[in-house]
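Breakdown of the fold
Here is how the chains run, residue by residue.
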Amino acid sequence: MRFGLLGPVVVERDGSPSDVKSAMPRTVLAVLLLNANTVVSADQLIEAVWGENPPTTATASLHNHVMRLRRFLGEPGGGRIRSVAPGYLIDVGPGELDLEVFAGLCAEGRAAARAGNWAEAARDLAAALALWRGEPVADVPGAVGRDARVLQLVEARLQAREGWVEAELELGRHREVIGELGVLAAEYPLREVFHGQLMLALYRADRQAEALDVFQALRRTLVDELGVEPSASIQELHRQILSADPQLAVPAPAPPPGPAETAAGPAVAARGGWRYQLPADTRVFTGRATELARLIEPAGAVTVSVISGAAGIGKTALAVHAAHRLRERFPDGQLFLDLRGNGADRAPSTPGDALGWLLRSLGVAPSSIPADPDGRSAVFRRRLAETRTLIILDDAAGAEQIRPLLPSGPGSLLLVTSRQPLTGLGDSHTVASALELDELPQADAVALLHKVAGPGRVSDRHQGIAELIALCGNVPLAIRVAAARLRHHRVLRIEDVVAQVREESARPARRPGSGESDPADDRLAAVFESSYAALPPAEQDLFRQLGLIPGPDIDAFAAANLAGTDHRTAERLLESLLDHNLLTQHTPGRYRFHDSVRRHARALAEADSPEDCDAALGRLLHYYLRASIAAGSLLSPRMRALVDDENDSEPLSSYAAAELADRPGALAWLRTEREDLLAVIADGRTGRAACPARGVRLTAALADFLLEEGPWPQAAELFQAAADTARDLGDRRSEAAALYDLGRVRLASGDHPGASAAFEAAAAILREQGYRLGEACAKHQLGRVRLETGEFEQAAVFLAEALAVFEAAGIAVAVADVLNTTGTLLIATAGPKRALPVFQQARRAAREAHNPLAEAEALAGAARCAAALGDSAAALAGLREAVAIHQRHAATGAEAQRAAADLAALERERESGGGSVPVR
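Structural notes, computed from the coordinates. These figures come from a predicted structure and were not determined experimentally.

A word on helix α38 (residues 872-888)
- Over its 17 residues, α38 extends 24 Å from the first C-alpha to the last, a length consistent with the 24 Å expected when each residue adds 1.5 Å.
- Buried residues of α38: A875, L876, G878, L879, A882, V883, A884, I885 and H886, and no others.

Printed below as a string of structure tokens:
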């Protein structure tokens, strides 16, 4: 038996974790475990459970909670909790409590670091960090989370992360830790160690300007919040970076790690980016011991393992379970991608789309992702080379879909699941193995039934067990769904479930989804139908409605709109379906169907009235549109809205609203919902509730996000499709807006002729419509195109025409943007002295419009002029203020990067006593 406190409280018996459902017994268990093998007084436990005002029955209630815990732990686990005056004690053996294992591994890691054995230190500290599943005792209410021991654990975790990063830097793995350090520095802005480690890692990765920028950001934070300068050690590191001190060079390469000394990074780094995104492990994993052993200890240098088998047979569960066992061997990333090979109503992912998603997850900038699949495949293989990355490719359609995604070296591993065996994946660079899953052996099937149904729910010798498992076809998914009914309905007997599934199996012609060619799907449908029929009406309604969603998953906010209810109710209904094994939760807060369940839900939904289905989908699409508009306005509240001239002041749905409070929050929401939003756009063209106009508007709402995140070829296709659709609808204003966005993405990708053509077409439509503000927006962009191509005279004409319109209309935000572009043009044509007052005027307009990003652009432009004119003090002040604004608003675009680079260059020049920085 094992106990976990490094996250939600969990108890593991026979390799299967389970949680304590009731809050009060869970609190008692947490306090006892925090003081394992030590007596905890009844008064302490009562205060932890009820606070300072316990009820008069607290002592008796505490006794009842302890009794419930003993029953939950079963035999002989319940005997571990002993009544010892003046309270209770829990016996925990060595290695049974995760926080004690964590402390031991940290001690070993520190000892290895003191001895200079950095590979061993990295391995031990990574193993310690991999034990964490979230905040300690995360699901325990009250003051337990503020217990001194818990606070010590939080600090110990931070020290372990510092130690692990130090070991990785000593091993020359600076590039691998930059992403993790960026998150840590942002999460702990006053913890200087993380900032210093990030500075060193960036410097060693030939990113000196960014390293210096980290120092300036830290200094501003310390001065503003504490009134102190950075420590002497950080200031010395800053000096060394400025002078390119040889002592900062990368250490000599460490020897290649062998199987016994693989250094691994933290397995849970989801907050920092997309490299660590394994779905949660299966809560009750049973059997498959031989198959699991083959996956985690493969013969030879296997780089691809294919797991094949029928629907519901447990392919994904096995792959995810194996990945969690393997994750310490793959510190450079653990990714999961659904290839939709057998989706109920979704086309399989193309290799090009899959590669685009994988490259973005690995940190490749949109501008660096090639448009063609072959180019993407080459970049992907280069990116994986010399790394240890684990990738699960779930539900592959065939070998042709997988072949472009194969790694080129032995360091990474693909776990592929598919309904059919895949052949021909091995080559000179790839060693492939195949594993075909059969039905679950009878003993394992019985064990799974007992575990899901709950302890003591079904007698071991009950005659109905064998028949129920046979009706389920020994398929794990079907067994889980059937057993979940027994767990939730205590009065239900196993013979009742057998009778219902038997009845459904006998009438396939009346069952939704009948006629499937796969017998496994047919067996599953009978189990699903019997389980669905037993659900309360609200759960049945949501189950059917979820079958309509065009995207791969959903959260409680979107589900609330789909069902026309409030967020809390939607969350409760989703959790109920999850508990019945009719939904899965691949990441916290996001729910999805198994493909076979999705197919069944869609068939049930299609039996509803078209009006009900259209109403549910309409609510969902309305929510996505309003939320996307809100997110887009936070992402870039600039001139684009002038082009489509729509009234976007309507609030989000009255049913629920995602929390979109600032630019970082908007980015996070858009990244999470990306695939769902793109699916909604596609469904708006051809789906059941097709509404092309809504798809056009949603594409417009996502414009700034697609420009920032890419991939640009996909963004260009979406904008072109939106323009074509709007033209077919006769909506000329929306057509112009889509062409405007098309021009922007082509300009960003360096396609100046394409950008010019799109902006000219947009300007012509807007002129025809008599919408002078929109035409001026397009002319401003044409001025930018001509500036970048060196056609300065034409650029000046376009910019002057746009500026005159915006000044006459009194639109300060647009005036600021055009003046910033004009200032850049004047630097190139008339010199910095003429450009400086234009940037100053742009700043005043930006402040009037409350547009901080335009103000930052004006500050940086004026600073470049000041630097060229010899006023380095004014240049430094302006660039520092501009960079600070960009950082506050999480801006990462070209202008933000340029300002940071100019600041770093100017600081180097000033430090070395050199001359002025050339204006670029």
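Re the sheet that holds strand β14 (residues 590-592)
- Spatial strand order, β12-β14-β13: 3 strands in an open sheet with antiparallel pairing. Looking at strand neighbours, the two that pair on one side only are β12 (554-555) and β13 (584-587), the edges of this open sheet.
- Relative to β14, β13 runs antiparallel, the two sharing 2 bridges. Residue pairing in the sheet places T584 in a bridge with R592 of β14.

Digging into the pattern of salt bridges
- Under the definition given, this model contains 42 salt bridges.
- With its nearest N and O atoms 3.0 Å apart, the salt bridge here joins R732 to E735. Taken as a pair, R732 and E735 lie in helix α31 (residues 732-748) at a separation of 3 residues, close to a single helical turn.
- With a relative accessible area of 26%, R732 lands in the partly exposed category.
- The partner of R767 in a salt bridge is E775, and the shortest N-O contact between them spans 2.8 Å.
- For R767, a relative accessible area of 47% corresponds to the partly exposed category.
- Accessibility expressed as a relative area gives 11% for E775, which makes it buried.
- Residues participating in the shared-partner salt-bridge network are D553, D555, R590, E673 and D676.

Observations concerning the environment of G363
- Here G363 is to be found in the loop between α13 (351-361) and α14 (373-384).
- Classification of G363 by relative accessible area gives exposed; the value is 53%.
- Linking G363 and G179, residues 184 residues apart in sequence, is a C-alpha distance of 8.7 Å.

Describing the nonpolar core
- With 158 residues, the main nonpolar core has L468, F543, L546 and I554 as its most contacted residues.
- Among the elements that take part in this core, helix α25 (residues 610-635) stands out by supplying 12 residues, more than any other.
- When neighbours within four sequence positions are excluded, F543 is seen to be in contact with Y532, L577, L582, F593, V597, H600, A601 and L604.

Some points on α31
- With 17 residues, α31 should reach 24 Å at 1.5 Å per residue; the first-to-last C-alpha distance of 24 Å fits that figure.
- Positive backbone phi, at 85 degrees, marks G750, one or two positions downstream of α31.

Here's the deal with the sheet that holds strand β11 (residues 432-436)
- Strand order in the open sheet formed by 5 strands is β8-β9-β10-β7-β11, and the pairing between neighbours is parallel. Two strands in the sheet have a free side with no partner beyond their single neighbour: β8 (333-338) and β11. On average, each strand axis in the sheet is inclined to that of its neighbour by 15 degrees, with strand direction left out of account.
- Where strand β7 (residues 304-308) meets strand β10 (residues 413-418), 5 bridges bridge the pair, whose relative direction is parallel. In the sheet register, V304 faces β10, and the bridge partner there is L414.
- Of the strands in this sheet, β7, β8, β9 (389-396), β10 and β11 touch helix α12 (residues 315-326), which is tilted by about 165 degrees from β10.

Cut-off values and rules
Residues numbered from 1 in each chain as written. Predicted model: local features only at pLDDT ≥ 70, side-chain atom pairs only at ≥ 80, totals over all residues. Heavy atoms only, no water. Helix = DSSP H or I, 4+ residues; strand = E, 2+ residues; numbered from the N terminus. Expected span 1.5 Å × (residues − 1). Buried < 20%, exposed > 50% of the residue type's maximum accessible area, 1.4 Å probe, protein only. Pairing = 2+ DSSP bridges. Salt bridge = Lys/Arg side-chain N within 4 Å of Asp/Glu carboxyl O. Core = buried A, V, L, I, M, F, W, Y, C linked by side-chain atoms within 4.5 Å. Contact = heavy atoms within 4.5 Å. Axes fitted to C-alpha atoms, helices over the stretch in contact; angles between N-to-C directions.

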